[in-house]
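The primary structure of each chain is shown beneath.
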Amino acid sequence: NKDILSQVREEASAVFGENEELQGPPTREQCDTMAVTLGTLKETLRMYSVVPNVTRLTVASDKLGGYNIPAGTTIILGIQGVHNHPKVWKDPKKFEPTRFVPPIEAEDPYAFLPFIQGPRNCLGQHLALLEARVVLALLVKRFVFKPVGTDGNKKHPTMIPIGPANGMKMVVE
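Residues numbered from 1 in each chain as written. Predicted model: local features only at pLDDT ≥ 70, side-chain atom pairs only at ≥ 80, totals over all residues. Heavy atoms only, no water.

### Overview of the overall build of the protein chain
Counting secondary structure elements, the protein chain contains 6 helices and 6 strands. Starting at the N terminus and walking to the C terminus, you meet the elements of the protein chain as α-α-α-α-β-β-β-β-α-α-β-β. C-alpha atoms of the protein chain, sized along the principal axes, occupy 60 × 40 × 25 Å. Scored against the burial criterion, the 173 residues of the protein chain give a buried share of 31%. Considering only intrachain contacts with a sequence separation of at least 6, the fraction spanning at least 24 residues in the protein chain is 60%. Here the protein chain has roughly 11300 Å² of accessible surface; of this, 61% comes from carbon and sulfur atoms. (Helix = DSSP H or I, 4+ residues; strand = E, 2+ residues; numbered from the N terminus. Buried < 20%, exposed > 50% of the residue type's maximum accessible area, 1.4 Å probe, protein only. Contact = heavy atoms within 4.5 Å. Areas by Shrake-Rupley, 256 points an atom, 1.4 Å probe, with all protein chains shown as cover.)

Here's what the structure looks like:
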């Protein structure tokens, strides 16, 4: 999406300026201004979950969706299914980073699960998104990436984490 890429480049230029080495690393406040960059990262994680499924073991009997679940049952949560469900996300197959730019489209905290939610969520999620925001911004500011071939969008059917079926060849300028 050329428009989104242009916005990410503009955010990177605003934060890093022309000479990144003279400015030093960005502050947290500067990183927080890169809303489209963060939205792009989150939308990528929504569409291509690093971990497509997680399991949990029930410690007590409970009901789930009207079904009795006995203690000791393994529950599998299909994160990729949640991230692609049309009742959760409008037009889920469309790459739309602005759905993560305030106001956020999905108000349900369990609609976006790349780092899981609840007491066992990833403790490093905020640092990971902060670092990834800086890296993505610098990469698109410094380089132009051009895909080679047309099959880079096909997901590998069994690879975890999810990746392209045949790799993703790029020319980097």
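Anyway, onward from the coordinates.
### Overview of the environment of Leu123
Here Leu123 lies in the loop between helix H5 (79-83) and helix H6 (125-142). A relative accessible area of 83% places Leu123 in the exposed class. Remark: the alpha-carbon pair of Leu123 and Asn53, spanning 70 residues in sequence, is separated by 18 Å.

### Here's the deal with the packing of helix H4 (residues 35-47) against H6
One can describe the packing of H4 onto H6 by two numbers: an axis separation of 9 Å at closest approach and a directional angle of 110 degrees. For the element pair H4 / H6, the angle class is roughly perpendicular. In this structure, H4 contributes Thr37, Leu38, Thr40, Leu41, Lys42 and Leu45 to the contact, and H6 contributes Leu129, Ala132, Arg133, Leu136 and Ala137. Grouping the amino acids of the contact of H4 with H6 by side-chain chemistry returns 7 nonpolar, 2 polar and 2 charged. (Axes fitted to C-alpha atoms, helices over the stretch in contact; angles between N-to-C directions. Parallel < 35°, antiparallel > 145°, perpendicular 65-115°, else oblique. Nonpolar A, V, L, I, M, F, W, Y, C, P; charged D, E, K, R; others polar.)

### Quick notes on helix H1 (residues 2-16)
For H1, with 15 residues, the first-to-last C-alpha span of 21 Å sits near the 21 Å given by 1.5 Å per residue. Taken residue by residue, H1 has Ile4, Val8, Glu11, Ala12, Val15 and Phe16 as its buried positions. One face of H1 carries all of its buried residues, which in axial projection span an arc of 110 degrees. Across H1 from its buried face, at more than 90 degrees, point the exposed residues Lys2, Asp3, Glu10 and Ala14. Following H1 by one or two positions, Gly17 has its phi on the positive side, about 65 degrees. (Expected span 1.5 Å × (residues − 1). Arc of directions from axis to C-beta.)

### Quick word on the side chain of Ser49
Relative to the elements of secondary structure, Ser49 occurs in the loop between H4 and strand S1 (53-57). A polar contact is formed between the side chain of Ser49 and the side chain of His83, at a distance of 2.9 Å. Residues contacting Ser49, with those up to four places away along its chain left out, are Ile79, Gln80, His83 and Ile162. (Polar contact = N/O pair within 3.5 Å; in protein donor to acceptor, adjacent residues only side chain to side chain.)

### Observations regarding the environment of Val134
With respect to the secondary-structure elements, Val134 resides in helix H6. Residue Val134 is classed as buried on the basis of its relative accessible area, which comes to 17%. Placed 119 residues apart in sequence, Val134 and Val15 show a C-alpha to C-alpha distance of 9.5 Å. Apart from residues lying up to four places away in sequence, Val134 is in contact with Phe16, Pro26 and Cys31.

### Observations regarding a nonpolar patch on the surface
On the surface, a cluster of nonpolar side chains totalling about 570 Å² of accessible area is made up of Val135, Leu139, Phe143, Phe145, Met168, Met170 and Val172. Residue assignment for the nonpolar patch shows that the elements contributing at least two residues are H6 and strand S6 (170-172). Along the polypeptide, Val172 turns up in strand S6. Classification of Val172 by relative accessible area gives partly exposed; the value is 46%. (Patch = residues over 30% accessible without salt bridge, like charges linked within 9 Å, V, L, I, M, F, W, Y side chains within 5 Å. Salt bridge = Lys/Arg side-chain N within 4 Å of Asp/Glu carboxyl O.)

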